[in-house]
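Examining the three-dimensional arrangement
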Amino acid sequence: MPMKKKMRPRCAGHGVNSRRGASKRGAPAAAHGKTKSRQERPAVHPAARPAPRKEEAPLLPTGVQTLAVTPDEDGMRVDRFLEARFSSLSFSHIQRIIRKGELRVNGKRAQPKDRLASGQSVRIPPLRLEAPKPRAESSAQDKDRAFLKSITLHEDDDVIVLNKPAGLAVQGGSGTTRHIDGMLAALTGRDGQRPRLVHRLDKETAGCLLVAKNRFSAAALAKTFRSRAARKIYWALVPGIPKPKQGRISTFLAKEEREEDSFMRVARHGEEGASHAVTYYAVVESAANRLSWLSLKPVTGRTHQLRVQMAHIRHPIVGDPKYFSIENWELPGGLQNRLHLLARRIVVPHPRGGTVDVTAPLPPHMQQSWNLLGFDARRYDPIEDAPEA
């Protein structure tokens, strides 16, 4: 009987590579070696290969520096001074340098909130700073820039005045991701200077918001606000008619925390945390003894100052979510229950001479109310004659 051909058992691990190796004489061992090599060093997919090393950005000098405070920086906080001079330095790094005493002002330790004076010398410890990089453009920045341009009332080389819409926050907070301060990054200049806020408006308040485009104007305008040389006029709609029709409100205000919210209240003189607040008001026009158009001139700039003081004299601003309850008043139909408060006008000395004097139009919901009540926004504003202090 013919003998059956004995089949060699197939070894585990012998596949295509093994047969290919056997097709060439003297190659099996080499083929087997290749397989082993591949097992030890798996092939790397092109996409997984590390990208070529980019050239690192050059570092600025890292030695000890002594900087002189310029007249433009007079009155600037120590931490803001560092932030302005070294824009790539992180906030935490700035705080650490100051806290450890590595930064010295005229040879002495300083606190972040200390104010600098012109001519003082500031010792800066060695820093590792990357040279400014070209700013990457993005569609989000393009949109922010276009939006800010669309609400600009005035702009020059140093100052911008925006017409802030009601409902848009000025700064970020809990749950707030879209705000004016964040959008200002889209207006950063070629010199790396980012525009910065000079003052604040409540989220639901519309109107004039002043922005400094550079360090020089920020320092000058901050000094203007501290000295109360800035003139601000607000318009508001309130129920009833205040008596007298022109007057001065002087109170102390303090913050009070509640479970899920906080608000300002009128406090006693000398009470802990209480600040003095002064406002002049004038009735511009009234409608059927039920509503009044007020012009307000705050002398001080406390949180919710106008809103709390108007509620204090029993004429809260219509639509105020904190200090006004529509159920307590009989108001004509057609009024939107939104805050009727407008930062109508701002007048400040320009950082380089002259005056910035800008007026904002009524926001849509207030314009609707003015039309309904027959008020004419061109009417003379009696607050013009009110004192400045």
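Because the structure is predicted, anything quoted here is derived from the model rather than measured.

Moving on to the overall build of the protein. Helix and strand counts for the protein stand at nine helices and 14 strands. Burial status across the protein gives 41% buried among its 389 residues. If you take every contact in the protein between residues at least 6 apart in sequence, the share linking residues at least 24 apart comes to 64%. Within the structure as shown, the protein displays about 23,400 Å² of accessible surface, and the carbon and sulfur contribution to it stands at 50%.

Counted by the stated rule, this structure contains 21 salt bridges. Salt-bridge contacts for K322 lead to D261; the nearest nitrogen and oxygen are separated by 2.8 Å. Separated by 61 residues along the polypeptide, K322 in the loop between α8 (305-312) and β13 (341-349) and D261 in the loop between β9 (246-257) and β10 (262-267) bring together distant segments of the chain. With a relative accessible area of 33%, K322 lands in the partly exposed category. Take D261: its relative accessible area is 44%, and that puts it in the partly exposed class. One salt bridge in this structure joins R268 and E271, with 4.0 Å as the shortest N-O distance. For E271, a relative accessible area of 18% puts it in the buried group.

Note on placement: H199 falls in the loop between β6 (196-197) and β7 (206-212). The spacing of H199 and A212 is 13 residues in sequence and 9.9 Å in space, taken between C-alpha atoms. Separated by 2.9 Å, the side chain of H199 and the backbone nitrogen of L210 make a polar contact.

Cut-offs used in this document
All residue numbers refer to positions counted from 1 along the written sequence of the respective chain. At least 70 in pLDDT is required for a residue's local features to be given in this predicted model, at least 80 for side-chain atom pairs to be given and counted, and no such filter applies to totals for whole chains, interfaces and linings, which use all residues. No hydrogens and no water enter the side-chain calculation; it runs on all heavy atoms of the structure. Strands here mean DSSP runs of E at least two residues long; helices mean DSSP runs of H or I at least four residues long; both are numbered from the N terminus. For the exposure calls, accessible area comes from a 1.4 Å probe over protein chains only, and a residue counts as buried if that area is under 20% of its type's maximum, exposed if over 50%, partly exposed in between. We call two residues in contact whenever any of their non-hydrogen atoms come within 4.5 Å of each other. Throughout, the Shrake-Rupley method with a 1.4 Å probe supplies accessible areas, and for residues the shown protein chains are the sole cover considered. Counted as salt bridges are all cases of a side-chain nitrogen of Lys or Arg within 4 Å of a carboxyl oxygen of Asp or Glu. Each polar contact in these results corresponds to two N or O atoms within 3.5 Å; when the atoms are within protein, one needs to be able to donate a hydrogen and the other to accept it, and residues that are neighboring in sequence are counted only if both atoms are side-chain atoms.

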